[in-house]
Amino acid sequence: MGGPEVERLISLLSKLPGLGPRSARRAALRLLQHPDTRMLPLAHAMETAARAVRTCTECGNLDSQDPCRICADPTRDRAVVCVVEGVGDLWALERAGAHRGLYHVLGGVLSPLAGMGPEDLSLTPLLARIAEGSVVEVILALGATVDGAATSHWLADRLAVTGVGLSRVAQGVPMGGALDVLDDGTLATALRARRPAA
Ligand SMILES: [Zn+2]
């Protein structure tokens, strides 16, 4: 039904997080019914973003400028760097307004099952920033999953030699919890209640 154009649209939409085939069909139908007010503006916004947005070379955030707006913001506390698993976690912490320092996006966590090893994580830019001498504290804000905890230990080991202060987000992050699904208040509490990382 609808021809190859519609099939392709549904197929692409169904690959988005949270959209299965059924909701992809509904979304496609809604778009096709409003080509001028919904579909073309969306297509234009997607093309513009795809061309403009890149990975920040300092922290790993996604932004249309590099360094990103957070790294380039002179009012941010450059002494405190919060390490997160992914950009979604960074955006969640920003929404919560809980962190006034900078970030480092690790790009994943160590996971033998998923084939993620140390070489798959972004660590070099963080080590470079610490070596520059402006970083006083690194906050490990990885999820409280088994892999997240293992990665925090690994990172704490790697960063211990640098002499930088290390802390870890504490209460509020549920066991097995990913950061970016937490509500803003919980995130803010978890960040405030950080404790030294062993
Ligand atoms: Zn940045």
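Note: the structure precedes this text.
These figures come from a predicted structure and were not determined experimentally.

**Re the overall build of the protein chain**
Along the backbone of the protein chain there are 7 helices and 7 strands. With respect to the principal axes defined by its C-alpha atoms, the protein chain has extents near 60 × 35 × 35 Å. Burial analysis of the protein chain (198 residues in total) assigns 38% to the buried set. In the protein chain, once contacts between residues fewer than 6 apart in sequence are set aside, the share between residues at least 24 apart is 55%. Total accessible area on the protein chain is roughly 11100 Å²; 59% of this is exposed by carbon and sulfur atoms. Of the side-chain charges in the protein chain, 20 are positive and 21 negative, and the distance between the mean point of each set is 5 Å.

**Quick look at the sheet that holds strand 5 (residues 137-140)**
Overall, mixed pairing links the 5 strands, which are arranged 4-3-5-6-7 in an open sheet. The sheet is open, and its two borders are formed by strand 4 (101-105) and strand 7 (195-196), each paired with just one other strand. Bridge count for strand 6 (residues 165-168) against strand 7 is 2 bridges, and the pairing is antiparallel. Its bridge partner lying in strand 7, S167 is registered against P196. Packed onto the sheet, helix 4 (residues 87-96) meets strand 3 (77-84) and strand 4 and runs at close to 160° relative to strand 4. On top of the sheet, helix 6 (residues 146-160) reaches strand 3, strand 5 and strand 6; it is set at about 170° to strand 6, its chief contact.

**Focus: the side chain of H104**
Within the secondary structure, H104 sits in strand 4. Overall, the relative accessible area of 1% leaves H104 in the buried class. Of note is the side chain of H104, whose polar atom sits 2.6 Å from the backbone oxygen of S122.

Parameters at a glance
Residues numbered from 1 in each chain as written. Predicted model: local features only at pLDDT ≥ 70, side-chain atom pairs only at ≥ 80, totals over all residues. Heavy atoms only, no water. Helix = DSSP H or I, 4+ residues; strand = E, 2+ residues; numbered from the N terminus. Buried < 20%, exposed > 50% of the residue type's maximum accessible area, 1.4 Å probe, protein only. Contact = heavy atoms within 4.5 Å. Areas by Shrake-Rupley, 256 points an atom, 1.4 Å probe, with all protein chains shown as cover. Lys, Arg positive; Asp, Glu negative; His and termini not counted. Charge placed at Lys NZ, Arg CZ, Asp CG, Glu CD. Pairing = 2+ DSSP bridges. Axes fitted to C-alpha atoms, helices over the stretch in contact; angles between N-to-C directions. Polar contact = N/O pair within 3.5 Å; in protein donor to acceptor, adjacent residues only side chain to side chain.

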